[in-house]
Amino acid sequence: MTGSQKARFAKTLISTILITLLAFLFLFPLIWMIVSSLKPEAQIYRDIGSFKSFLPSLDVGQWGNAYSSLLKRFNVFLYMLNSLLYGLGVTAGSIIVNSLAGYAFSKFRFRGRKLLFNIMIALLVIPGETIIIQKFQITRSLGLLNTPFAVVFPAMAAPFYIYMFKNFFDAISNDVIESAELEGAGMFRIYWRIMLPMAKPAIATVGTLSFIGSWNDYIWPLMVLTDTDKFPLQVAITNINNTQPVYMNQVMAILTLSTIPLILIYVFFQKYLVQGIGASGTGEK
């Protein structure tokens, strides 16, 4: 082995070790959460501070006890269904609303277009929490409080998603639109039949990020919903954690149930996330 090969091998080995340690740093809370949901209450506290805290109970029959007890005490499936419906609604709305806005900014020429787009980009630096009171007042004035629409509608439009779609549409040649117009297609038909199918990476990225954001949202649903049967899972978790008696293994079980869908989504859509976010900065398809 030559000196350069040894140097590359050493560099690769060090990088692998550092990446493994970093991955473990991020994964060990997740592992501890899942393992704790498979243990009896007393064993969780008994194993804290030792390596056994990362090992499930040796009695396999104990693994499902926390989940079965949790499902008997609380209507977890209803909360998960609510989160799923809100997430799907936000996802579909985000794709339609943001892609239409991105299409308009990219292919339409109207007075004030650049100024309006620059104002929209400037909104990216404003934290969402600073306008949450105004959003609540608008939602209340529309009579949407304590309805699913109050959760879904305000989450549909986002400046970053509009910017992402605009970049994808910018990369599509205007010759495509001109050819479609010669065939008699209107602007909406061009958007629906041609532009939107060509922006699949952006659709996958916006859809995934929108669903994850909706699934994890806590503050906004808590503000606009008062009926507990309409709560999404994240809001219900707080109520579950405050309902006496509180059992640690059941808390870990509900947190595990709320995390697993996000892990699966990221695993299956990771490629599209990387592709979409990377292309959004360059305008490439």
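Cut-offs applied
- Residues numbered from 1 in each chain as written.
- Predicted model: local features only at pLDDT ≥ 70, side-chain atom pairs only at ≥ 80, totals over all residues.
- Heavy atoms only, no water.
- Phe/Tyr/Trp six-rings, centres within 6.5 Å; stacked < 30°, edge-to-face > 60°.
- Buried < 20%, exposed > 50% of the residue type's maximum accessible area, 1.4 Å probe, protein only.
- Lys NZ or Arg CZ within 6 Å of the ring centre and 35° of its normal.
- Salt bridge = Lys/Arg side-chain N within 4 Å of Asp/Glu carboxyl O.
- Helix = DSSP H or I, 4+ residues; strand = E, 2+ residues; numbered from the N terminus.
- Expected span 1.5 Å × (residues − 1).
- Arc of directions from axis to C-beta.
- Contact = heavy atoms within 4.5 Å.
- Core = buried A, V, L, I, M, F, W, Y, C linked by side-chain atoms within 4.5 Å.

Engineer: Which parts of the structure should I look at to understand the packing of aromatic side chains?
Structural biologist: For any pair of aromatic rings, the description consists of the separation of the ring centres together with the inter-plane angle of the planes. Enumeration over the complete set of coordinates arrives at 14 aromatic pairs. Ring centres of F105 and F110 lie 6.4 Å apart, and the angle between their planes is 45°; this geometry places the pair in the tilted category. Judged by its relative accessible area of 8%, F105 falls in the buried class. Here F110 falls in the partly exposed class, since its relative accessible area comes to 36%. Within the aromatic cluster, the residues linked to one another by ring pairs are Y103, F108, F165, F169, F188, Y191 and W192. Across the ring face of W220, the terminal group of K135 is positioned such that the distance to the ring centre comes to 4.7 Å. Lying over the aromatic face of F117, K166 brings its terminal NZ or CZ to 4.9 Å of the ring centre.

Engineer: I keep staring at the pattern of salt bridges and nothing clicks. Help me out?
Structural biologist: As a working rule, side chains carrying opposite charge can pair if their charged atoms are close by. Inspection of every chain in the model, using the stated rule, returns one salt bridge. As a salt-bridge pair, K166 and D170 come within 2.7 Å of each other at their nearest N and O atoms. Note that K166 and D170 are positioned in helix α8 (residues 159-170) at a spacing of four residues, about one turn of the helix. Note on K166: relative accessible area 13%, which makes it buried. A relative accessible area of 37% places D170 in the partly exposed class.

Engineer: When you look at helix α10 (residues 187-198) in this model, what are you seeing that I'm missing?
Structural biologist: Structurally, the α-helix is built with 3.6 residues per turn, so residues lying three or four positions apart point the same way. Helix length check: α10 (12 residues) gives 15 Å between terminal C-alpha atoms against 16 Å at 1.5 Å per residue, within 8%. Regarding α10, the residues found buried are I190, Y191, M195 and L196. When α10 is viewed along its axis, its buried side chains cluster within an angular range of 140° and face the same direction. Turned more than 90 degrees from where α10 packs its buried face, R189 and R193 sit exposed. In this structure, the buried side of α10 is in contact with α4 (76-107), α8, α9 (174-182) and α11 (200-216).

Engineer: Teacher, can you tell me more about the nonpolar core here?
Structural biologist: Nonpolar side chains in soluble globular proteins tend to be buried together. Core analysis: the biggest nonpolar cluster contains 33 residues, and L70, V76, W215, V224, L225, L233 and I254 have the highest contact counts within it. Every residue in contact with L70, bar those within four places of it in the chain, is listed here: V76, I240, Q250, A253, I254 and L257. Ranked by size, the runner-up nonpolar core spans 18 residues in total, among them F165, I190, M195 and A202.

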